[in-house]
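Listed below are the residues making up each chain.
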Amino acid sequence: MAGRINDDDVKAVRDAVPIDSVVSEYLQLRNAGGGNLKGLCPFHDEKSPSFQVSPSKGLFHCFGCQEGGDTIAFVMKIDHLSFSETVERLAAKAGITLRYEEGGYNPSQQRGERIRLIEAHQAAAEFYVRALESPEAEIGRTFLAERGFDQDAAAHFRVGYSPAGWDHLTRYLRGKGFSDKELITSGLSQDGRRGPIDRFRGRLMWPISDTAGDVVGFGARKLRDDDNGPKYLNTPETPIYKKSQVLYGIDLAKKDIAKASRAVVVEGYTDVMACHLAGVTTAIATCGTAFGNDHIKILRRLLMDNGSARVIFTFDGDAAGQKAALRAFEDDQKFAAETYIAIAPDGMDPCDLRLVKGDDSVRDLVEPRTPLFEFALRQIVGRYDLETPAGRAAALDEAAAVVAKIKTSSVQREVAVQLAGLVGILDQEFVVHRVAQLARWARDKGGDHGGRGGPQGARGPRGGAPRQAAPAPAFSGPALNLRSPAHRTERELLKLALQKPALVSPAFDAYGVDEFTAPPYAAVRQCIEEAGGAEQGVADDRAYLGAVLDAAPDNTVRNLVTELAVEVFRGKSIDETYAGMHLVHVRLRAVDRRIADVQSSLARLGTNVAPQDLAAAQNEVWVLQQYAQTLRAHGAAAL
């Protein structure tokens, strides 16, 4: 059983790995002001960025779905790792050797499953690369050369070769300390009559990496006629490889995709290689599956959905390519980016095009020309005989249902006008009305435009009750606290205590939990108190924030802490004056509330109050009133 990782080592890992560098491996980040960064949340679908990262605090928070935490929490959530697996992974990145408090460290026994499987794939990738240099792999080198890829190209993409024997890789990985169970689980080996044998044999191998650059699977191309397997054989579904959630080449292309706000989707491994070598370094491909919703999520986080973002699909011009394009269009509305399709002349893919006509032709191919929606509509309309009224009506019925899925009304109208021209209907307004009618019917039914569009609306049929929503968390921050001046002030003071404790310490630590009227804020104030107060943050703000998070009783409060720790301040100049103003306002409201409470109690009791109790209450009111006057006159100096 793995020993517990030393607490000092965990802290060292947190401090050593900047959260912005880790998050940037999964999504594009931009300046959000106040030293923070923002991007599209990787944990839920959104149109505009509500996910913020505070490099100085080492925290992230999404104001949309309320997910938040530190670097470790982010990696745990996005890669579905345990705490120890995450710390081990980040420690390896930072070059930190971890100590375990219970027993010695045995790498083969104590590293998490994901870490072990990735290490096995890394070792396999290196094995395959070396095997490509062997005499047996001549057939693989010839295959690459015939497609215009030299030794440097193979090395850049880490292309390898799997020997034709039964268990070359299996024996090699066993020698590296991997167990038979790990080899089977990884998909690198499979059960044979006498034990595990290699899954891939006698094939050209492409390593498939995730967004972070870890090898999680392989694509294997058949080379020999006596190989009875499929042309391409991919890693099966494993704990680290889900074909619907990976894009070949994303590790190489992600920075240029983010920089250029453009992605080129091709169909195969050699197409990705050809595009990159031709200068189209934003090319990626799916791995044995259709381009789908999870792939869109990956690209959207990199593209940031700005107005200039482009996604270009390069499908083959044959029937299969046209079918793939129509499938892509089904998900088109999940992009905020504009989508285009590029089909090479003579049905060539980018690899063939580069080989026959050179790099310039590949670069020219992927220049946006035909919008994907236009291509999709032409494919639909082209199936009907537009020379007859019945054919035009049938084409309109099918195509109008597709146009009705477009969410933006102005775009929907523009495409409907184009559809009228494609079908040959002179009355454009009739087509526009028909499309709008279909869209309205879909909304009124509470549907999602035929079951393939975006999320359902908030309400059911017109006049009906709202659909059953997921229960809201007990402390739902923004919906509660931004409405009243008191809550806004309390929120700002807590942000100061978490982000700039030196400005409010030590005065803040004298504030009681009951001075915060919003229950969520009272809970955060309690966490700060249990962490030793804001004064603890003056010396070491990261350790202080960690202590506050550890004091949170549940994930709802914990998420609110991260939210407040990264949220931008409302004011322009965040200084002692700004901090003092909020300290005074929160205290003044607490004093005024206490005065009102005492006076209300006296009014309810009337003449039934004992003389000594009446005198004590009147004296308390007088003292509080004097204190309130002093606060109003002298501000923070009176605290």
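Residues numbered from 1 in each chain as written. Predicted model: local features only at pLDDT ≥ 70, side-chain atom pairs only at ≥ 80, totals over all residues. Heavy atoms only, no water.

**A short note on the overall build of the protein**
Counted only if it meets this: The way it works is that DSSP assigns letters per residue, a run of H or I at least four long becomes a helix, a run of E at least two long becomes a strand, and they are numbered from the N terminus. Three exposure classes are used, based on accessible area relative to the maximum for each residue type with a 1.4 Å probe and protein chains only: buried under 20%, partly exposed in between, and exposed over 50%. The contact definition used throughout considers only heavy atoms, calling two residues in contact when any of these lie within 4.5 Å. Residue-level accessible areas treat just the shown protein chains as cover; the underlying method is Shrake-Rupley with a 1.4 Å probe.
Of regular secondary structure, the protein possesses 29 helices and 16 strands. Considering the protein as a whole, with its 639 residues, one finds that 49% of them fall into the buried category. Intrachain contacts of the protein at a sequence separation of at least 6 include 66% that bridge at least 24 residues. Working note: accessible area of the protein is about 29500 Å², and carbon and sulfur atoms make up 50% of it.

**What about the sheet that holds strand E5 (residues 68-70)?**
What counts here: The criterion for strand pairing is that DSSP finds at least two bridges linking the strands in question. Axes, fitted as lines to C-alpha atoms, cover a helix only where it is in contact. Angles between the N-to-C directions of the axes lie from 0 to 180 degrees.
Strand order across the open sheet formed by five strands is E1-E2-E3-E4-E5, with antiparallel pairing between neighbours. Either end of the sheet is taken by a strand with one partner, and the two such strands are strand E1 (30-33) and E5. Strand-to-strand twist across the sheet, computed as the mean angle between neighbouring axes with direction ignored, equals 25°.

**Side note on the side chain of Arg 114**
With respect to the helices, strands and loops of the structure, Arg 114 is situated in helix H6 (residues 113-131). Using a relative accessible area of 10% as the deciding quantity, one classes Arg 114 as buried. The residues touching Arg 114, leaving out its near neighbours within four places in the chain, are Asp 79, Leu 81, Glu 85, Arg 89, Asp 210 and Ile 240.

**Considering the pairing of strand E15 (residues 338-341)**
Note: strand E14 (residues 310-313) against E15, four bridges, orientation parallel. Directly across from Val 311, in E15, lies its bridge partner Thr 339. Bridge count for E15 against strand E16 (residues 370-371) is two bridges, and the pairing is antiparallel. For Tyr 340, the partnering residue across the bridge sits in E16 and is Pro 371.

**A look at unusual backbone geometry**
A cis amide bond, omega 5°, links Ser 505 with the succeeding residue Pro 506. If you trace the backbone, Pro 506 turns up in the loop between helix H23 (501-504) and helix H24 (519-530). With a phi angle near 55°, Arg 158 is a residue other than glycine that sits in the positive phi range. Of note, Arg 158 is situated in the loop between helix H8 (151-156) and strand E6 (160-162).

**Focus on the packing of helix H17 (residues 372-381) against helix H19 (residues 409-423)**
The test is simple: For any pair of crossing helices, the crossing counts as left-handed if the nearer helix is rotated counterclockwise from the farther one by less than a right angle, and right-handed if it is rotated clockwise. Put simply, Ala, Val, Leu, Ile, Met, Phe, Trp, Tyr, Cys and Pro go in the nonpolar bin, Asp, Glu, Lys and Arg in the charged bin, and everything else, Gly too, in the polar bin.
The geometry of H17 relative to H19 is characterised by a closest axis approach of 11 Å and an angle of 35° between their N-to-C directions. The hand of the H17/H19 crossing is right-handed. Contacts between H17 and H19 involve Phe 373, Glu 374, Leu 377, Arg 378 and Val 381 from the first element and Val 415, Gln 418, Leu 419, Leu 422 and Val 423 from the second. Class assignment for the residues of the contact of H17 with H19 results in seven nonpolar, one polar and two charged.

**Digging into the nonpolar core**
The cut-off we apply is this: We call a set of buried Ala, Val, Leu, Ile, Met, Phe, Trp, Tyr and Cys residues a nonpolar core when their side-chain atoms join them within 4.5 Å.
Judged by nonpolar contacts, the single largest core of 44 residues is most densely connected at Leu 144, Val 159, Leu 204, Trp 206 and Tyr 248. Sequence-distant contacts of Trp 206, defined by excluding residues within four places in its chain, comprise Phe 143, Leu 144, Val 159, Gly 217, Phe 218, Gly 219, Arg 221, Tyr 232, Tyr 248, Tyr 269, Thr 270 and Met 273. Ranked by size, the runner-up nonpolar core spans 36 residues in total, among them Val 504, Ile 528, Ala 552 and Val 566.

**Focus: the packing of aromatic side chains**
For clarity, the cut-off: Two aromatic rings, drawn from Phe, Tyr or Trp (for Trp, its six-membered ring), form a pair once their centres lie within 6.5 Å of each other, and the interplanar angle then sorts them: stacked below 30 degrees, edge-to-face above 60, tilted otherwise. Should the NZ of a Lys or the CZ of an Arg lie within 6 Å of a ring centre and within 35 degrees of the ring normal, that charge is described as sitting over the ring.
Within the structure shown, the criterion is met by 16 aromatic pairs. Look at Phe 127 and Tyr 128: their rings are 5.9 Å apart centre to centre, the planes differ by 65°, and that puts the pair in the edge-to-face class. Each member of the pair, Phe 127 as well as Tyr 128, is classed as buried. An aromatic cluster is present here, built from Tyr 26, Phe 43, Phe 51, Phe 60 and Phe 74 joined pairwise through their rings. Here the basic side chain of Lys 77 rests over the ring of Phe 43, its NZ or CZ set 5.7 Å away from the ring centre. If you follow Arg 587 out to its NZ or CZ, it ends over the ring of Tyr 511, 4.0 Å from the centre.

**Notes on the sheet that holds strand E11 (residues 232-234)**
Strands sit in the order E6-E9-E10-E11 across an open sheet of four strands; the sheet is antiparallel. Edge positions in the sheet fall to E6 and E11, since each has one partner strand and no second. Going across the sheet, the axis of each strand differs from the next one's by a mean of 35°, ignoring polarity. Pairing geometry for strand E9 (residues 203-209) and strand E10 (residues 215-222), over seven bridges, is antiparallel. Across the sheet, the residue bridging to Arg 203 is Lys 222, located in E10. Across the sheet, helix H12 (residues 269-277) touches E9, E10 and E11, and the angle it forms with E9 is around 70°.

**Points about the layout of surface pockets**
Once rolled over the atoms, a probe with the size of a water molecule shows which space is left empty. Which entries qualify depends on this criterion: Lining residues are those with an atom within 4 Å of a point, where the points come from a 1 Å grid over the protein atoms alone and group into cavities, where a 1.4 Å probe fits but cannot get out, or pockets, open sets with protein on both sides within 12 Å along at least five of seven lines. Grid points are joined across faces, edges and corners, and a volume is the space filled by probe spheres set on the points.
If you add up the space inside the largest pocket, you get close to 810 Å³. Around the largest pocket sit 30 residues that line it, and Ile 78, Asp 79, His 80, Gln 245 and Arg 301 are the ones nearest its centre. Where the lining of the largest pocket is concerned, the elements lending two or more residues are helix H3 (71-79), H6 and helix H13 (293-303). Ranked by residues supplied to the lining of the largest pocket, first place goes to H13 with five residues.

**A few points about the pattern of salt bridges**
Close approach of charged atoms lets side chains of opposite charge pair. The following threshold applies: Between Lys or Arg on one side and Asp or Glu on the other, a salt bridge is scored when a side-chain nitrogen of the former is within 4 Å of a carboxyl oxygen of the latter.
As enumerated under the stated definition, the model contains 29 salt bridges in all. In this structure, Glu 398 and Arg 383 form a salt bridge, with 2.4 Å as the shortest nitrogen-oxygen distance. Placement of Glu 398 in helix H18 (residues 389-403) and of Arg 383 in the loop between H17 and H18 is noted, with a sequence separation of 15 residues between them. Note on Glu 398: relative accessible area 28%, which makes it partly exposed. Via salt bridges that share partners, Arg 491, Glu 492, Lys 495, Glu 563 and Glu 567 belong to a single interconnected network.

**Things to note about H18**
Counted only if it meets this: By this rule the span expected of a helix is its residue count minus one, scaled by 1.5 Å.
With 15 residues, H18 extends 20 Å from end C-alpha to end C-alpha; this agrees with the ideal 21 Å at 1.5 Å per step. Taken residue by residue, H18 has Gly 391, Ala 395, Leu 396, Ala 399, Ala 400, Val 402 and Val 403 as its buried positions.

**Focus on the confidence of the model for the protein**
Here is the rule: The pLDDT value tells you how sure the predictor is about a given residue, anywhere from 0 up to 100.
Averaged over the protein, the pLDDT score is 83; the fraction of residues at 70 or greater is 87%. Taken as a whole, residues 104-110 scores under 50 in pLDDT and shows 13 contacts with residues more than four places along the chain or in a different chain. Contacts of residues 447-479 to residues separated by more than four positions or lying in other chains number 42 contacts, the stretch itself having pLDDT below 50.

**Description of the environment of Thr 142**
Residue position: Thr 142 is located in helix H7 (residues 138-146). Taking the C-alpha atoms as reference, Thr 142 lies 10.0 Å from Leu 223; in sequence the two are 81 residues apart.

**Let's talk about the environment of Lys 243**
With respect to the element layout, Lys 243 can be found in the loop between E11 and helix H11 (250-260). Separated by 52 residues in sequence, Lys 243 and His 295 have C-alpha atoms that sit 9.7 Å apart. Setting aside chain neighbours within four positions, we find Lys 243 in contact with Glu 237, Cys 287, Gly 288, Thr 289 and His 295.

**Some thoughts on the packing of helix H1 (residues 7-16) against helix H4 (residues 83-94)**
Worth spelling out the cut-off: Working definition: roughly parallel below 35 degrees, roughly antiparallel above 145 degrees, roughly perpendicular at 65 to 115 degrees, and oblique for all remaining angles.
One way to put it is that H1 packs onto H4 with a least axis distance of 9 Å and a crossing angle of 55°. Here H4 runs oblique to H1, going by the angle between their axes. Both H1 and H4 take part in a crossing whose hand is left-handed. On H4, the residues touching Val 10, Val 13, Arg 14 and Ala 16 of H1 are Phe 83, Val 87, Leu 90, Ala 91 and Ala 94. Classifying every residue of the contact of H1 with H4 by side-chain character gives eight nonpolar, no polar and one charged.

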